[in-house]
Each structure stands twice: as structure tokens, then as C-alpha cells.
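# Observations on the three-dimensional arrangement
Residues per chain are reported as follows:
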Amino acid sequence: MNKDRLLKQLKTAISGEENVKVVAGIAERVVEGGINIKVAIDAASQAIRLVGDRFEAGEIFLPELMLAGEKMKCCMAILQPYLKMDEKSEVSGRIVIGTVSGDIHDIGKNLVATMLTMGGFEVFDLGVDIAPFDFINAAKEKGADIIALSSLMTTSLPYQQEVIDLLKEMGLREKYYVIIGGGSVTAEFASKAGADGWAGNAATAIKLCDALLNSGETPPVAKTFVGQKGGNVC
Amino acid sequence: MLIDRDRLMLVLDRAHTGPVCENFKWDTEVIPKTIATNLRKYELQNTCNPDNPINQDDELVDRYFQAAVDTAAEVGMLCLDTHRVIKFSHKEIKKALELAPSEFAIGEGDEVAVFRHRSFEDPTPPIWISPLSIAVDEDIFVPLLEGIARIPEVDCIEGPSFETIWGNKIRSGSPYELLAGKRQANLTYEALRRAGREGMGLYVVGTSPTHYGVLGGYGIPGGYKPERDIVLILSPVEMKTSYEALHKLCQVYNCGGGRVYGGSWSMIGGYAGGPEGVSLSSIATTLLLYATYQASNGASFPYDMRYMGNCGRKALWAQSIVFQALSRNTHICSNSVLNQVAGPATEMLLYESAVGMMNLAVSGVSSCTGTRSAGGKYTNYLTPLEIKFAGEVFKKTAGMSREQANDIANKLLPSYEGQLGNAPKGKSFLECYNQDTLQPSDEWLKIYETVKDKVIKAGIPL
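Residues numbered from 1 in each chain as written. Chains lettered and ligands numbered in written order. Predicted model: local features only at pLDDT ≥ 70, side-chain atom pairs only at ≥ 80, totals over all residues. Heavy atoms only, no water.

## Some thoughts on the sheet that holds strand β14 (residues 260-268) of chain B
Pairing between the strands of a sheet comes from backbone hydrogen bonds, and it takes one of two forms, parallel or antiparallel. Residue and element names in this part refer to chain B. As summarised here, the arrangement of the 8 strands in space is β5-β7-β11-β12-β14-β15-β16-β17, forming a closed barrel in which the pairing is parallel. Across 2 bridges, the pairing between strand β7 (residues 156-157) and strand β11 (residues 201-204) is parallel. Among the inter-strand pairings, I157 is bridged to a residue of β11, identified as L202. (Pairing = 2+ DSSP bridges. Helix = DSSP H or I, 4+ residues; strand = E, 2+ residues; numbered from the N terminus.)

Shown next, in the form of C-alpha cells:
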């Protein structure tokens, strides 16, 4: 098949209604067809940015966004091993994310996890009702840079603080940035809890993580990074 | 009115034997595809009209209802703990609606609140349940609630919730919640005693969203009373349930209670899509809440993910569709929750309340719970005055025509809609109320009087 046509198919499949299997099939054909892998990854990235823009504009909704995120993950898993050594770029960062203990709400967490995946981070979604120890164990196991904690209810907020406290007690606080968010979480709480970052919406979470990883500061940061509406991080 | 054991056992059985579905597939395929299919089948796409946020088209709401019955029967309720779907046939859904009461009461003595099914534009005053379970400091729980219970427009009590118990942080799902169940009952009774309204019906247990609060506080000596109070069973999102919810239902059964509030929400921008999908999803979820929890009161209500509230045009329109559809096609006592985003001592909070409460009153809800002052995000950002104002609007707009309400909404919406994404936080109870006299500050009272004058001029008969 014509190489340009295959790349166009890949973009359409990621941004359109095709399922993960279809994307996997196209990605495999890209590899078999000897197409420049870097070019193919750029094409996939363009497609996922388009999906993000359409979500921000209210043209598509959470299910389409989540599905596109999964398709991108699958595509990258197939293409990345074939990148030439000098073309390999490190992922932006590794993040473990979940909703804390006693809280089974997942919309906000799913949205942030998907946006971070689309932003080039390697994201490990632990799910909901995750105990403080399980966040830390997962961060160790996955070699995470950032632990992202979601909470909707005021009664689950203390568990965000507990993850931070537990990291300190285990002598691991300087290993991981901790960012927090969710319906009941304010920037003031984040600062009081000693979190490294807080963002008020999913789109800002990408810039927040970028800012933390490029800050040159070892966790815990001196002053909580705050992701503001419009994308600025201060 | 008791929980029927056969229906309860059927639900529990299906939670363990129903079709298996993974959460991701449910969220990204089952819900959005079924919603999209039924929107097409019933020609409901692009029916949202933000220029007329309060619907006046009866045929449209009937189509939404029929589409919702199909959706509920096709989808069912996913149990998050077993990953199995609790399915109901069309016949079972209709039967559950028939069995739901068209009238019921909670509370006792002079304070009995009688909930009645309301048609839209119905002059019957709806029931005002206040406050929502917004967190407050433990030491101001009683005086704040006393101030709220003194408001004559408030019929029943749900919140607030406290963040600590005897000085210790309450943690969701922990033993603290078990203690909080009874502690909240005790503090609430004390506040009601001080307000002289001991018999008010209570929605329980706001401080504890998991089942532990109900297990620790409902039907036990000194706790909430099954013969007069109602248990909140809230699903985390549309068309999902969990052991937490089913544990609560079992406790109601064990205690010989029968009053259950079934609630959930559906987000504009979330799994069900835009305002049309969310309207359909909310009605379908409501049918499933009544079938699963044997609810006496409640509903699933629309919410807008972009600003985490429901006083903007699309969310108002979706609420009008949902509650008009339920009002015209069932005899249930539906309830909505109004979610404001501005905080106390701001004009915006009162404008949001005026438009939102009027919409619900004319769209046929039996009751409403609120207010969610400052989006419910900040500790102590809740005062009696905004609750009084919302209650006044709710009661006084019962009987108004939808057309008139829509005209008024269009006059008032420009006062606040531009700020929905960046609402003022306002002031806390400690900053704008006298703790001893329980009176608002002059500044807050002046804001209340100014907005009251403006909404009267716009046509709300306060």
C-alpha cells in the first residue's frame, strides 16, 4: 500500500471511530511496510492532538477521548521498539494515577489520565479506591516520576495527605513528585498538604507535569506548583 | 412502606449472575453507543435549545421518556464490585415505577413533610431539603444547622457534613465513618432541638458517603430512625451501582425501613456526551435507580463538567427535559440537586439559585436538595441566607408557566453565565454571619435584598 495512504489511515483510525484492534493492525502494517517509524509516530501524535482539540472545543466527549488515548497507547507500543537508537526519545515522564481510598468516582481521574497519555506521558492508571501503600508500591514498581492522586469527596481528601506522609516516613518523598486534584481539592489544600502540584482541570495537568519535571527541583518542591486556567503554571 | 425482600434478593442475585462487562468497555462503548443509537432512533439529536433553557415542548419530553425506557432496559446497572450488569426488562422497569409511591412522608409531629408527585406548572409547593453535605468545622455544625433549621422554607435536613470527629479527620471507608453516622445524628438532633423543629425528616448519612455511616448511624439506639428518616443511596455516576450502595439498601431492609433516596448524576461532556445524551442518560438512570433501590424519592440529574455546576443554559435545559419527562410519564416523587458554583455573600450565587430553583419548580420536581454554595468545595462556605433565598424562589414559583419562567431565565442568565467558569468564592459562614445571633452581616443582607429586588422586577413573585 502507498505509504502516505497508510499514514493517513493511521491518523484517521486514531482520531476516528475505529477500535484499538484496527489501529494495531495499521501500526503493524506500518512496521512491515518499512515506513520511517519516526514519521509514523509524528503522524499518530498529530492525530491525538486533533482529538484533544476537539474535546476542548466540545465537539467530542469523554468516551471518544478515552478510546483515542487507548489507541495511541497501543500504537506506540507497536511502533516504539522499531525506532532507531538515535531517534528514541525518552517519554515525557512516568505517572501512576488513581482515585484514593474510599472513593469510587472516576470521571475526573479518567479524563486526566487520558490527557496525560495524549501529552506524551507513560501513564499507569491504578483505578479507584486505591490505598496509600498501593500508590507507593506501584510507583516503585513502574519507576514513576509522578504520583497523581484524585479525590472527589471531602472524606477521601485525608488519604491524599496520607500518601505524602507515608512517602516521608518511608524515606521516599524525594523520589516522586506528588500532584493532587479532584472535585473537592483546592490549591490551598494542595499547598497545606505539601503536594508538589495542583491543577484545576485536565488540560492544565499536562503543563503542570511538564513544569515539575523540568523544574530542576527535587521533590518536595519549595512551593506547590499551581496549574491555572488557560494553562499557565505558577 | 417497606423494602420488598424478593426485589432486593433479585437485585443481589443479578449483581452476581448478570452479564459480565469491563468498566472500560462500559464507559467507552456500552453507554455512549446505546445513548447515540436511541437518540437517533427517537430523533432527539440537536434538540437542545440554549436560547430557551426551560423546555415547553410536551411531545419532545415524551419521546425522551420512551427512549429512556429502551435505554434502561438495554443497558441496566453495572455493579462495580462484581463487573456484572443488573438488567431489568421493560416490564420490570414499568412495574418498579408503578410500585414507587406517588406520595410519602418523612419526619414526625408538626414537622412531617409530605412529598407529592407534581406535574409541571403545578401550584403544589415542592419540598426544600437543605443543606447539602458541604463540609463544615465540627464546632460550627450545630449553630449553622440551627440557623438553617430556623428557616421556614426548609422542610427537611440533609447536611452539612463535618470533616473531623472529636477532632480527628474522618476518612472515607474507615471506622471513623462508622462513628460519624451516629455522631451526625446526635448533632443534628441537637441543632433541631435548638431551632424548635425536632421532628424534621432527615436524609442520611451526609458525612459518610460510603455505607459505613448508614451501618453506624441508622436504626441503632440514638441514631437515625427508620420510621421517619430516609437513607441516601447515591450511585457514583450514571447506570452504575456498587456494594456500598447495596449494603445501604440491605441495612434499610434489616432495620425495617422503607424510605430510600436513589440519586446519581450524568455529566455534560462525560460518558453520555452532550446535553441531549445526558438528558436521556439521566432519565434512564432514574428508572434504574427506582428499580434497583426501590426508591421513594430521587433521580439522576444533569451536571456540566466544564464548570462543575448545573445553572448554565445547557444544564438548565437538560434538567427541564429530565424532570418534565418524569413528571408527565410517571407518578414518582422526583428530586433534583441544584449545583451553584458561586459562594456565599455574592450576587451570583443568588442569581444561579433564582434561575435554577424556578426551572425545577415549573418542571415538576417533587423536591430539591441544595444549595451547593461555592460548588461545595470549601469548608464553611455555606450560610442560611442563600438557603432561605433559594427556598423562597422554589416555593413561590410553583404554579408559574414554563413560558414565563423561560422569559425570566433569559432576563437573569446574563447576570451570571459569563462567570460560570470563574465564579467568585465569596465568604465563609464565619466571615459573613454572627455566630451568636445567627444573623447575616449587613453586607450579605444588603446583597440579598438587592438581588431580591432585581428578581422581583424580572417577574419572580417573592
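Back to the write-up after that little detour.
## Observations concerning unusual backbone geometry
Cis geometry marks the peptide bond from P219 of chain A to P220 of chain A; its omega dihedral reads 0 degrees. Position of P220 of chain A relative to the elements: it lies in the loop between α9 (202-213) and β6 (225-227). Here V204 of chain B and V205 of chain B are connected by a cis peptide whose omega angle stands at 0 degrees. Note that V205 of chain B resides in the loop between β11 and α7 (212-217). You will see that E43 of chain B, though not glycine, has its phi angle at about 50 degrees, which is positive. When you line up the elements, E43 of chain B lands in the loop between α2 (23-41) and α3 (58-75). Overall, the relative accessible area of 60% leaves E43 of chain B in the exposed class. (Buried < 20%, exposed > 50% of the residue type's maximum accessible area, 1.4 Å probe, protein only.)

## Considerations on the side chain of K248 of chain B
Residues and elements named next belong to chain B. Relative to the helices and strands, K248 resides in helix α8 (residues 243-254). Buried charge without a partner: K248 forms no salt bridge, and the closest opposite charge is E244, 6.1 Å away. With residues up to four places along the chain from it excluded, the contact list for K248 reads S208, P209, T210, H211, V214, V231, L232 and I233. (Lys, Arg positive; Asp, Glu negative; His and termini not counted. Salt bridge = Lys/Arg side-chain N within 4 Å of Asp/Glu carboxyl O. Contact = heavy atoms within 4.5 Å.)

## Focus on the packing of helix α12 (residues 384-396) of chain B against helix α15 (residues 442-458) of chain B
Residues and elements named next belong to chain B. The interhelical angle for the contact between α12 and α15, taken along N-to-C directions, is 15 degrees, at an axis separation of 11 Å. As judged from the angle between their axes, α12 and α15 are roughly parallel. When you trace α12 past α15, the crossing you get is right-handed. Note on element contacts: α15 touches α12 through W444, L445, Y448, V451, K452 and V455, opposite L385, E386, K388, F389 and E392. Split by residue class, the contact of α12 with α15 holds 7 nonpolar, no polar and 4 charged. (Axes fitted to C-alpha atoms, helices over the stretch in contact; angles between N-to-C directions. Parallel < 35°, antiparallel > 145°, perpendicular 65-115°, else oblique. Left-handed = near helix turned anticlockwise from the far one by under 90°. Nonpolar A, V, L, I, M, F, W, Y, C, P; charged D, E, K, R; others polar.)

## Quick word on the interface of chain A and chain B
Counting from both sides, the interface comprises 29 residues of chain A and, opposite them, 34 residues of chain B. For the pairing of chain A and chain B, the buried interface totals around 2,500 Å² over both sides, and the portion due to carbon and sulfur atoms is 67%. Contact with chain B buries surface across chain A, with I104, I107 and T155 of chain A losing the most and accounting together for 22% of the total. The interface formed by chain A and chain B contains 3 salt bridges. Inspection of the region where chain A meets chain B yields 8 residue pairs in polar contact (both at pLDDT 80 or more). Where the side of chain A that touches chain B is concerned, the elements lending two or more residues are α4 (62-79), α5 (107-118) and α7 (157-169) of chain A. Per element, the largest residue contribution to the side of chain A that touches chain B is 5 residues, and it comes from α4 of chain A. Of the residues contributing to the side of chain A that touches chain B, the split by class is 13 nonpolar, 10 polar and 6 charged. (Buried area = accessible area lost by both parts, 1.4 Å probe. Polar contact = N/O pair within 3.5 Å; in protein donor to acceptor, adjacent residues only side chain to side chain.)

Remember, this is a structural readout, not a statement about activity or role.
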